[in-house]
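Next come the chains, spelled out residue by residue.
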Amino acid sequence: TGKIVIPQEFEGADRFSQGLAPVKKNDLWGYINTKGEVVIPFQFKSAKPFSDDPMLAAVEITDPEIYEKGWGFIDTKGNFVIPPNFYNATSFKEGVTEVATAKFKFKNTSKRYDKYFLTKSGKYIYHNGLYSYYAGPGRFSEGLMPSCKDGKWGFKDIEDRWVIEPKYTIVGNFKEGLAHVQI
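Student: What's the story with the overall build of the protein chain in this structure? I'm lost.
Tutor: Helix and strand content of the protein chain: 0 helices and 17 strands. Out of the 183 residues belonging to the protein chain, those deemed buried represent 42%. Considering only residue pairs separated by 6 or more positions, the protein chain has 28% of its internal contacts joining residues 24 or more positions apart. Accessible surface, the protein chain as shown: approximately 10,300 Å² in total, 50% of it carbon and sulfur.

Below is the structure:
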């Protein structure tokens, strides 16, 4: 109907998922329910919406002792299910997320990471260490994850088995059974 149901009292907000939405107030993120009530207090440096499988949200803590390495995953009550041991993290999608486990510098460029796929069962599958966290090859899609071996790219399944052997210079996401590649 266009009626405002939650007052504009937040500095930032993201979408609702699992009945909760991350919102920002006084430079910290927390979560509200669909009535606008705070259900997870404002305590995170960053926060992402909850995923479906598993029902977790990626959040970044503000602890100055581990400032750069502070991403983990919470449940809908705000409890850490996966501790904040990552330099970066994405939301789970189809039971898989991307996490950065080690940070390194290449020449004068920072924000480069050893990146892994993490399955909901807790298995780490190596993705790459060559690209910035926000750029590079495609993401997990249609059950396949781009992975690098000896400078060539291919695709693995969630059991860490090569489905398409690494033979490409770069690869993209699968969509409708196809992915762009560079030879």
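Student: Can you help me understand unusual backbone geometry in this one?
Tutor: Leave glycine aside and you will find that most residues have negative phi; peptide bonds, for their part, are mostly trans. Following Asp-53, the chain continues to Pro-54 via a peptide bond in cis, the omega torsion being 0°. Its place among the elements puts Pro-54 in the loop between strand S5 (46-47) and strand S6 (57-60). Located in the positive-phi region is Asp-27, a residue other than glycine, with phi close to 70°. Among the secondary structure elements, Asp-27 is positioned in the loop between strand S2 (20-25) and strand S3 (28-33).

Student: Before we go on, may I ask you to explain the confidence of the model for the protein chain in this structure?
Tutor: Detailed reading of predicted coordinates is not advised where the pLDDT is low. In this model, the protein chain carries an average pLDDT of 85, and 84% of its residues clear a pLDDT of 70 or more. Taken element by element, the predicted model of the protein chain shows its lowest mean pLDDT in strand S11 (residues 109-119) (69) and its highest in S2 (98). Below pLDDT 50 for its whole length, residues 105-109 participates in 2 contacts with residues either more than four positions away or in separate chains. The low-confidence segment residues 131-135, where pLDDT is below 50, has 23 contacts with residues more than four positions distant or belonging to other chains.

Student: Looking at this model, I keep getting lost on the environment of Val-171. Mind explaining?
Tutor: By secondary structure assignment, the location of Val-171 is in strand S16 (residues 170-171). Distance from Val-171 to Lys-152, taken between C-alpha atoms, is 9.5 Å for residues 19 residues apart in sequence.

Student: Looking at this structure, I do not really get the sheet that holds strand S7 (residues 71-74). What am I missing?
Tutor: In sheet architecture, strand pairing relies on hydrogen bonds along the backbone and comes in two forms, parallel and antiparallel. Spatially, S5-S6-S7-S8 is the arrangement adopted by the 4 strands of the open sheet, whose pairing is antiparallel. Either end of the sheet is taken by a strand with one partner, and the two such strands are S5 and strand S8 (80-86). When S6 meets S7, the two strands line up antiparallel, connected through 4 bridges. Looking across to S7, one finds that Val-59 is bridged to Gly-72.

Student: Is there a simple way to think about the sheet that holds S2 in this case?
Tutor: Strand order across the open sheet formed by 4 strands is S1-S2-S3-S4, with antiparallel pairing between neighbours. The open sheet has two edge strands, strand S1 (12-13) and strand S4 (38-44), and neither has a second partner.

Student: Would you take a moment to explain the pairing of S7 for this structure?
Tutor: Look at any regular strand and the pattern is simple: side chains alternate between the two faces of the sheet. Here S7 shows two buried faces, one formed by Trp-71 and Phe-73 and the other by Gly-72 and Ile-74. Strand direction decides the pairing type here: S7 and S8, joined by 3 bridges, are antiparallel. Across the sheet, the residue bridging to Ile-74 is Phe-80, located in S8. Between S7 and S8, which pair antiparallel one after the other, the connecting turn spans 5 residues, and Gly-78 there sits at a positive phi close to 95°.

Rules behind the numbers
Along each chain, numbering runs from 1 in the same order as the chain's sequence is written. In keeping with the model being predicted, local features are shown solely for residues with a pLDDT of at least 70 and side-chain atom pairs are shown and tallied solely at 80 or more, while totals for entire chains, interfaces and linings include all residues. In computing side-chain values, all of the structure's heavy atoms are included and hydrogens and water are not. Per the convention used, a helix needs a DSSP run of H or I reaching at least four residues, while a strand needs a run of E reaching at least two, with both numbered from the N terminus. The buried label applies to any residue whose accessible area, calculated with a 1.4 Å probe on protein chains only, is under 20% of its type's maximum; exposed applies above 50%, and partly exposed to all values in between. Throughout, a contact is declared for two residues whenever any of their heavy atoms are within 4.5 Å. Note on areas: these come from Shrake-Rupley sampling with a 1.4 Å probe, and a residue is covered only by the protein chains present in the view. A score between 0 and 100, pLDDT records how confident the predictor is in each residue. A pair of strands is treated as paired once DSSP finds two or more bridges between them.

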